[in-house]
Structures are given as structure tokens and as C-alpha cells.
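Here's the letter readout for the chains.
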Amino acid sequence: MPFWAPQLIGMAAVAGWLTLLAAAAMAVRRRWNGQREWSRKLAHIGTGAVIPIAWVCGIDRRLAIPAAGLITLLTAFNHRWRVIPAIEDVGRHSYGTIAYGASITCLLLLYWPAEPASVTAGVLVMALGDGLAGLLGPLVPSPSWTIWGQRKSLVGTAAMAGGSVAMLLLVQRLAAATGQSHPGTLGLLAIAAVAVLLEQAAVAGFDNFSVPVVSGWLWHQLS
């Protein structure tokens, strides 16, 4: 099979997934218009699947990095003009979607394709951990506190910790199955703890950059 054939298949799979995700976010926004955060978090969590898809499809660095950069530019455009409001319109000032795309681009620049587990670990910690925190924290009453004007809660923080550990364990198994080095259990717990601490400083959504990049870097360092 020519080199470009599986690359096209992989890019089509990523594009198809993102299209379905955008459609699902808009459907959620229409169905539950009073819960604007739900559609945004659906897109946030679902975007994390892009990296495992790219890993499985073996998308080349020369395609992955420009594609991630383009998506980041498109999210910046959407942030400014609200073409797809279901992803951005949450009634608060946040650059989270732009920071998220930038973090994926940065991780690809650092580790793709030599260390796909490092990229995947960083992105999935952010996708599921922070996504669950943003969904469950406001829904389930629990003790809360404020850091730099941002409300944090016990349930949200626990969801961040649990989601992070679950994703790191999953990536550990994937790395082991594909013959890649990976952190041990204590290393995974350390990465999750740092991710939780960084998520506490969620000013204007910039934790969407710090959490995945630092988590991916720690995975690399501890492997």
C-alpha cells in the first residue's frame, strides 16, 4: 500500500470524528439550552479521542502537527466569532479551547511519533479528568473554595483525580502492549497529583495548556 493511503485514512478518521463531535455538541446545546457547559464539555472530552485515533492510524508527524495547528487556529476563530456557539458560549471569559489545541500541538512537536504514549497521556488526562470535573463539580453539591476567582469543589477535584488516574492506567496498558516504556504506579499517581494541582489554577482556561503539557512531559521523564 502506498505511504499516503493509510495517512489519508487516518486523517479522514480524525476529521470524521471531529465532525460528529461538533454535531453532537450542537444537538446537546439545542436539547439542553439551559446547560451551556454540557455541550462544551462534550466537545472537550471527545476531542481527547483524536490522539488515540492518530496513534492507531500511524499518522505522520508532517501531517499531525500542521493539522493540530490548523485546528487551534479554527478554535481561535470560533472563539472570536462564535460560528459554533455550542463549543464556546458558556457565559464566562475563557481561552480554554484555544489553549487545549495549543497544548496538543505542543505535545506533538515534542514527542510525536517517537513517544505517542506521552502525547496520549497528557491529552487524555485533560480530556477526561478536567471534563468530568467541569461536569460533576457544578452538578453535585459539595464543599467548595475559590482560587484566583475560580470556584473549585471537592466533587470536581475528586473527579479530576479519578479521571486522571483512570486515563493514565489505560495509557500505561497501551504503552506496555506496544513495547513502549512507561511510568510505574507511583509515577502515575505523581502525574495525576500534579495535574490536579495545576487544574486548581484554572485562570481563563489556561489549565487546558498547563495540565496536558506538564502531564505529557512528566510521563516522558518518569518512563
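Please read all numbers here as calculations on a predicted model, not as lab measurements. (Residues numbered from 1 in each chain as written. Predicted model: local features only at pLDDT ≥ 70, side-chain atom pairs only at ≥ 80, totals over all residues. Heavy atoms only, no water.)

Draft legend 1. Layout of unusual backbone geometry. For the bond from W112 to P113, the omega torsion is 0 degrees, close enough to zero to count as cis. Checked against the element boundaries, P113 lands in the loop between α6 (96–111) and α7 (116–139). (Helix = DSSP H or I, 4+ residues; strand = E, 2+ residues; numbered from the N terminus.)

Draft legend 2. Representation of the pairing of strand β2 (residues 150–153) within the structure. The pairing of strand β1 (residues 144–147) with β2 spans four bridges and is classified as antiparallel. Of the residues in β2, the one forming a bridge with I147 is Q150. Counted along the chain from β1 to the antiparallel partner β2, the turn is two residues long, and its residue W148 has a positive phi close to 50 degrees. (Pairing = 2+ DSSP bridges.)

Draft legend 3. Fine view of the pattern of salt bridges. Here the structure, examined in full by the defined rule, presents three salt bridges. Here K41 and D130 are joined by a salt bridge, their closest N and O atoms 3.3 Å apart. With K41 in helix α2 (residues 36–47) and D130 in helix α7, this pair connects stretches of sequence that are 89 residues apart. (Salt bridge = Lys/Arg side-chain N within 4 Å of Asp/Glu carboxyl O.)

Draft legend 4. The environment of V213, seen in detail. Of note, V213 is situated in helix α10 (residues 207–222). Residue classification places V213 among the buried positions, given a relative accessible area of 14%. Setting aside anything within four residues of it in sequence, one finds V213 in contact with S103, C106 and L107. (Buried < 20%, exposed > 50% of the residue type's maximum accessible area, 1.4 Å probe, protein only. Contact = heavy atoms within 4.5 Å.)

Draft legend 5. Inspection of the packing of α7 against α10 at higher detail. Interaxial distance between α7 and α10 falls to 7 Å at its minimum, and their mutual angle equals 140 degrees. Considering their axes alone, α7 and α10 lie oblique with respect to each other. When you trace α7 past α10, the crossing you get is right-handed. Together, A117, S118, A121, G122, V123, V125, M126 and D130 of α7 and D207, N208, V211, P212, S215, G216, W219 and H220 of α10 make up the contact between the two elements. By residue class, the composition of the contact of α7 with α10 is eight nonpolar, six polar and two charged. (Axes fitted to C-alpha atoms, helices over the stretch in contact; angles between N-to-C directions. Parallel < 35°, antiparallel > 145°, perpendicular 65-115°, else oblique. Left-handed = near helix turned anticlockwise from the far one by under 90°. Nonpolar A, V, L, I, M, F, W, Y, C, P; charged D, E, K, R; others polar.)

Keep in mind these numbers describe shape, not what the thing actually does.
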